[in-house]
Amino acid sequence: MKEIAPAVACLPTIFVNSYFIGEPRGPWVLVDTGLPGFAGRIERLSWARFSRPPRAILLTHGHFDHAGSAAQLAWMWKVPVYCAVAELPYLTSRSDYPPADPTMGGFLGLASRVMPTRAIDLRPWVRSLPADGVLEELPGWQILPTPGHSPGHVSLFRESDRVLIGGDALATVDQDSYTGAITGKQQLWRAGTPFTCNWAATEASVKMLAELEPRVLACGHGTPMSAQDLPQQLRRFANTFPRPRHGRYVPEPAITDEHAGVLQLPPAPADPLPMLAAGIAAGAVLGHIVRSGKR
């Protein structure tokens, strides 16, 4: 766990970050719970830092890598789990998330073929965030709607020292690149490309966050940034936002609502990888038959 700002610590869980907000030994809130299987580690480290359970868990959104340990931790701690109202269908088993688009290519496109987008059930712990974006358990922080990556995605901003926790509104690593994913090289980039279901909303959210001129940027993926020229970097990134050229949700978004979840999906593009894999397998079998016949 690494301190990235006063009363804010970051814990990476393989490739996604959780954040601990609160002074050591004082009341605190956990933001995102990382991948499944990390509840025990989070509980041990939080006990060492705070000596008490959190007041609440807050999810920037409910994708499996951000909410994977939420159910177990909420049950252990008996605390509420907050999310935006538009995320509730996916966290109460009413709807699966829009499916990932593996045809986006790159490292994450390939990996998305085995990453789940199914709903999880956080009842009875899950609660909707207040409409005014102010949570009693998080004094001094504003919770901002930043939809696009998911229907109800939120970010957190502390104006007193301009600390921004951006979830998957954007990233500080290029996970589309094999090199970026392996090295973790720090750079501003779009987050979770195959899982983003509304690119127009994502771009608008990034531009809104750039207007905040944060001095610290802590995202769900990548090492937190605190460069002197971070506000200028973020504004340039927002003004030239790298929307993908192709993909299922690029020409039109998934249609969702806060009650039923997914209402309508754009047509799925053809995915060449399964056919390519089948062709390679068939070629291998045919080659084996030919070699056997020669023998």
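The rules we used
Residues numbered from 1 in each chain as written. Predicted model: local features only at pLDDT ≥ 70, side-chain atom pairs only at ≥ 80, totals over all residues. Heavy atoms only, no water. Buried < 20%, exposed > 50% of the residue type's maximum accessible area, 1.4 Å probe, protein only. Helix = DSSP H or I, 4+ residues; strand = E, 2+ residues; numbered from the N terminus. Pairing = 2+ DSSP bridges. Arc of directions from axis to C-beta. Contact = heavy atoms within 4.5 Å. Axes fitted to C-alpha atoms, helices over the stretch in contact; angles between N-to-C directions. Parallel < 35°, antiparallel > 145°, perpendicular 65-115°, else oblique. Left-handed = near helix turned anticlockwise from the far one by under 90°. Core = buried A, V, L, I, M, F, W, Y, C linked by side-chain atoms within 4.5 Å. Phe/Tyr/Trp six-rings, centres within 6.5 Å; stacked < 30°, edge-to-face > 60°. Lys NZ or Arg CZ within 6 Å of the ring centre and 35° of its normal.

> Please explain the pairing of strand β3 (residues 16–21) as it appears in this structure.
Each regular strand carries side chains that alternate between the two faces of the sheet. For β3, the tally of buried residues reaches 6 of 6 residues, placing the bulk of the element in the interior. Of the two faces of β3, the one carrying V16, S18 and F20 and the one carrying N17, Y19 and I21 are both buried. Once strand β2 (residues 8–13) ends, the chain turns through 2 residues before running back antiparallel as β3, passing I14 with a positive phi of about 65°. Looking at chain direction, β3 and strand β4 (residues 29–31) are connected through 3 bridges and run antiparallel. Of the residues in β4, the one forming a bridge with Y19 is V31.

> For this particular structure, what's the right way to read helix α8 (residues 230–239)?
Note on helix geometry: an α-helix contains 3.6 residues per turn, so any two residues three or four positions apart are oriented the same way. For α8, the full list of buried residues reads L230, P231, L234, F237 and A238. For α8, the angular spread of buried residues about the axis comes to 125°, placing them on one side. For α8, the exposed residues lying more than 90 degrees away from the buried face are R236 and N239. Elements in contact with the buried residues of α8: β12 (186–189), α7 (199–210) and β13 (216–219).

> Would you mind going over the packing of helix α1 (residues 39–50) against helix α3 (residues 70–77) with me for this structure?
Between two packed helices, what matters for the description is the angle formed by their axes and the separation of those axes. At a minimum axis distance of 9 Å, the contact between α1 and α3 shows a crossing angle of 45°. Judged by the inter-axis angle, α1 sits oblique to α3. The chirality of how α1 crosses α3 is right-handed. Judged by residue contacts, A39, I42, E43 and S46 of α1 engage Q72, L73, M76 and W77 from α3.

> Sorry, what's going on with the nonpolar core here?
A general tendency of soluble globular proteins is for nonpolar side chains to be buried together. Ranked by internal contacts, the top residues of the largest apolar core, which has 26 residues, are F20, L30, I42, I57, L59 and W77. Elements supplying a minimum of two residues to this core: β2, β3, α1, α3, β6 (81–83) and α4 (88–91). Residue contributions to this core peak at 4 residues, all from α3. Counting residues in each nonpolar core, the second largest holds 24 residues, with A210, C219, M225 and L234 among its members.

> It is not clear to me how the pairing of strand β10 (residues 163–167) should be interpreted in this structure. Could you clarify?
Of all the 5 residues making up β10, 5 are buried; the element is thus mostly covered by neighbouring parts of the structure. Of the two faces of β10, the one carrying V163, I165 and G167 and the one carrying L164 and G166 are both buried. Note: strand β9 (residues 154–158) against β10, 3 bridges, orientation antiparallel. Paired with F157 across the two strands is L164, which belongs to β10. Joining the antiparallel neighbours β9 and β10 is a turn of 4 residues, in which R162 adopts a positive phi near 60°. As defined by bridge partners, β10 adjoins β13 across 4 bridges and the pair is classed as parallel. Residue pairing in the sheet places V163 in a bridge with V216 of β13.

> Explanation requested: the packing of aromatic side chains in the structure shown.
The description of an aromatic ring pair rests on the distance of the ring centres and on the angle between the ring planes. This model, assessed by the stated rule, comprises 8 aromatic pairs. Pairing F237 with F241 gives two aromatic rings, centres 5.7 Å apart and planes at 75°, and the pair type is edge-to-face. In this pair, the class of F237 matches that of F241, namely buried. An aromatic cluster is defined as three or more aromatic residues linked by ring pairs; in this entry it consists of F20, W28, F50 and W77. We note K78 situated over the ring of W75; from NZ or CZ to the ring centre the distance is 4.5 Å.

> I tried to follow the sheet that holds β13 on my own but got confused; where do I start?
Two pairing modes exist for strands in a sheet, parallel and antiparallel, and in both the strands are linked by backbone hydrogen bonds. The 4 strands lie next to each other as β8-β9-β10-β13, forming an open sheet whose pairing is mixed. Edge positions in the sheet fall to β8 (142–145) and β13, since each of these pairs with one other strand and no more. Averaged over all pairs of adjacent strands, the angle between their axes in this sheet comes to 20°, without regard to strand direction.

> In this structure, what is going on with the environment of G40? I would like to understand it.
Mapped onto the fold, G40 is located in helix α1. When the C-alpha positions of G40 and Q72 are compared, they lie 9.0 Å apart, and in sequence the two are 32 residues distant.

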